Amino acid sequence: MSSLFSQRRQKHFMTLLKYWRLVFNDHFVIALFFLFGALAYGYSQWLPQLNSHLWWTRWLLILWFTILPQLGRLATLLKRADPIFLLPQVKAMENYLDHAYRYSVLLAELITIAGTAVALPFAMTTERLTNVDLIMIVITAMLAKENWLFTARKSISLRWSAQRWRSRFEYWVNPLIIAAATWLINPFAGLAVAIVLTLGMRLVYRHLTIDWRAAVKMETDRMYSVYRFFNLFTDVPSVQGNVKRRQWLSWLVNWLTIAGHPWSYLYAHGFVRNVEISGLVARLTIVGMLVSFFVQVSWLNTILVILFIYLVATQLMPFYEQYADNVFTHLYPVSTEDQVTDFRQLLAKITTIEMLLIVLASLGYQTNWSHCALNLVVGIIEVFLLVRFYFGTRIKKMNK
Amino acid sequence: MALEVNQIVGGYSQIPVLHKVSFTVKPGELVGLIGLNGAGKSTTINHVIGLLRPFSGSITLNGIKIDQDPAEYKRQIAYVPEAPVLYNELTLREHLELTMTAYGLAPEQTWPRAHQLLKTFRLDNKLDWFPADFSKGMKQKVMICCAFMTNAKLLIVDEPFYGLDPLAVHDLLNLIEERKQAGTAVLMSTHVLDTAQKYCDRFVLLANGRVRAHGTLDELRAEADQPNESLDDIYLRLARNDDDE
């Protein structure tokens, strides 16, 4: 069983590697680096303005350290067919899951350490912390994460899987108690609470025989979200995208459709109803609006506006190929040129709306009209360039 | 002559699957494309609908080759695939609308026919359903409605009998008969041989990517020198002989 897990882990790595390579090939990454750079810059600008007399800093730390353990899940690498093929191996599965658990802890703790490292400069500005305190904070965060993973482990056991609300409660409340003890009392108290909770969980939750249904579901959900992440950069076959009718948006569908153009009809309906693509565009637009609303350093603001318009446009472009697998799109008596033209129309309309929204948000809380007008001019030029030229080169790449 | 397949050699990659396949389908005629799994039925169909390009040989539809005028060539074809292919984001009504737009059909004249087809297949109250809500058989019926709604001069039906209930099979055969009377050429691939024997005017028997025999049932019997054999027997003997070779 342990060899089965290491086999699967290797295969899993290969899959991830394949996708990571595609991710780092993408222009999108350059944009993300900019975004992270801007965030880091903003963070470093923000720190000196803080002091230890602000009431909310501790609550922010508690929030941060409650959310942090939610990152990094239990990767069991189970497959849908396992309950059938491995059914007689229930006992041996515990060994398999132990391996999976260790593997998940290792990865998740790396994330935890990174997340803690991000928060520490903030904590050191607002709290008085000794070196011992810092070490205790890191260990506490790691214990909280371990505790979280153990909750996940017991939630896929026959004995405890039915009590979903209980696991869900523990996912959030355990880290919350630990973080509250750390920041409201002191780091030592936090560490003590973390140790007690970790030991307590082990005492209460024993006999962790696998619940196949819960375990397979948890793993499929996890893989789905992993694939969804990669789907931001490249096409992942298993992320098909759910569909919602969204009748209240039928005006948008009508506006996007050019009458008598089958491709336009298909793209407009597909875009509005496909949860994956429209959700992505909507989320990026909202984040873009928030960022351009709050970051009011004027040169940085314009760069961010440009960046987000670019991001949305590039994320939308792979949608051109959404129906390539459907034989009927090859059978319709319609030429490829029509397809390109119709998609270009959709792209132009959506990026224009998104550009207007982000530019409007860039007015910011200071309602800087002249800067907003500048952004509008830049945005119009950018949308024109993206739709007219950049899309053309992307299409050539895709049609190859 | 509606469809003329002339000496095509073709396949999915460099390796040919079809070896000099030739046959014709006349207007108002139902031709059965018969063969075992892997005989080359679907590959042949994929060439006819233009999804694959033959390495050599030609396919002509009412005098038009696909390279000459792809749009006009495709406008003449309606296709019911073996496994239903639908758009997850479109409702049944929208599938029909899209098909009308793609084939340039006038909605006012086409909808009455569409409604009639939907009624036949008991889908008329499911116009606002999404593919996710349909069973496999229902999806197959949607494909049939879309194909039979058009004015295509050549209907291609790939393995239509799987997943359809007996009533739907009966209705489908009636529809094919109706279209035949109206002068449509129909090419149907299948290995449900007793049904094929009853309904097809002529047969093209494929094995290992080659046309092993073609003609009416009587011609096939004469060729085999077995005047009373069923299509089933003829085909089985052919297939076995091939295996022995």
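Residues numbered from 1 in each chain as written. Chains lettered and ligands numbered in written order. Predicted model: local features only at pLDDT ≥ 70, side-chain atom pairs only at ≥ 80, totals over all residues. Heavy atoms only, no water.

## So, the overall build of chain A
- When helices and strands are tallied, chain A shows 16 helices and zero strands.
- With the C-alpha coordinates aligned to their principal axes, the bounding extent of chain A is approximately 65 × 60 × 35 Å.
- By the burial criterion, 49% of the 400 residues in chain A qualify as buried.
- Of the contacts made within chain A by residues no fewer than 6 positions apart, 82% connect residues no fewer than 24 positions apart.
- As displayed, chain A offers around 21000 Å² of accessible surface, 68% of which is attributable to carbon and sulfur atoms.
- With 37 positive and 21 negative side-chain charges, chain A shows a separation of 4 Å between the mean positions of the two kinds. (Helix = DSSP H or I, 4+ residues; strand = E, 2+ residues; numbered from the N terminus. Buried < 20%, exposed > 50% of the residue type's maximum accessible area, 1.4 Å probe, protein only. Contact = heavy atoms within 4.5 Å. Areas by Shrake-Rupley, 256 points an atom, 1.4 Å probe, with all protein chains shown as cover. Lys, Arg positive; Asp, Glu negative; His and termini not counted. Charge placed at Lys NZ, Arg CZ, Asp CG, Glu CD.)

## Considerations on the confidence of the model for chain A
- Mean pLDDT for chain A: 89, with 97% of residues reaching 70 or above.
- Helix H2 (residues 27–46) of chain A is the least confidently modelled element of chain A, averaging 76 in pLDDT, while helix H6 (residues 131–155) of chain A averages 95, the highest of any element. (pLDDT = per-residue confidence, 0-100.)

## Details of the domain arrangement of chain A
All names here are of chain A.
- The assigned domain composition of chain A is domain 1 (2–231) and domain 2 (247–399).
- Inter-centroid distance (C-alpha atoms) of domain 1 to domain 2 is 35 Å.
- At the junction of the two partners, domain 1 supplies 10 residues and domain 2 supplies nine residues.
- Taken together, both faces of the contact between domain 1 and domain 2 bury some 1000 Å²; the carbon and sulfur share is 70%.
- Scanning the region where domain 1 abuts domain 2 turns up one salt bridge.
- Glu-276 is the salt-bridge partner of Arg-228, the closest N and O atoms lying 3.6 Å from each other. (Domains from an automatic or database assignment. Buried area = accessible area lost by both parts, 1.4 Å probe. Salt bridge = Lys/Arg side-chain N within 4 Å of Asp/Glu carboxyl O.)

## Brief notes about the interface of chain B and chain A
- Chain B puts 23 residues into the contact, and the matching count from chain A is 23 residues.
- Carbon and sulfur atoms make up 66% of the area that chain B and chain A hide from each other, which totals about 2300 Å².
- Taken together, chain B and chain A are joined by one salt bridge.
- For Arg-273 of chain A, the salt bridge goes to Glu-94 of chain B, with nearest N and O atoms at 2.5 Å.

## Let's talk about the packing of aromatic side chains
- Evaluated as defined, the whole model comprises 31 aromatic pairs over all chains.
- Taken together, a centroid distance of 5.6 Å and an interplanar angle of 35° make the contact between Phe-65 of chain A and Trp-183 of chain A tilted. Residue Phe-65 of chain A is found in helix H3 (residues 57–67), and its partner Trp-183 of chain A is found in helix H7 (residues 164–185); the two are separated by 118 residues along the sequence.
- Overall, the relative accessible area of 8% leaves Phe-65 of chain A in the buried class.
- Their ring planes at 90° and their centres at 6.3 Å tell us that Tyr-332 of chain A and Tyr-103 of chain B sit as a pair that is edge-to-face. Here Tyr-332 of chain A is found in the loop between helix H14 (327–331) and helix H15 (336–361), whereas its partner Tyr-103 of chain B is found in helix H3 (residues 92–103) on a different chain. In this structure, Tyr-332 of chain A and Tyr-103 of chain B share a single accessibility class: buried.
- Among the aromatic residues, those joined into a cluster by ring pairs are Trp-263, Tyr-267, Phe-271, Phe-319, Tyr-320, Tyr-323, Phe-343 and Phe-391 of chain A together with Tyr-87 of chain B.
- A cation over an aromatic ring shows up here: Lys-18 of chain A above the ring of Tyr-19 of chain A, its NZ or CZ 5.0 Å from the ring centre.
- Sitting above the plane of the Trp-255 of chain A ring, Lys-349 of chain A keeps its charged end 5.3 Å from the centroid. (Phe/Tyr/Trp six-rings, centres within 6.5 Å; stacked < 30°, edge-to-face > 60°. Lys NZ or Arg CZ within 6 Å of the ring centre and 35° of its normal.)

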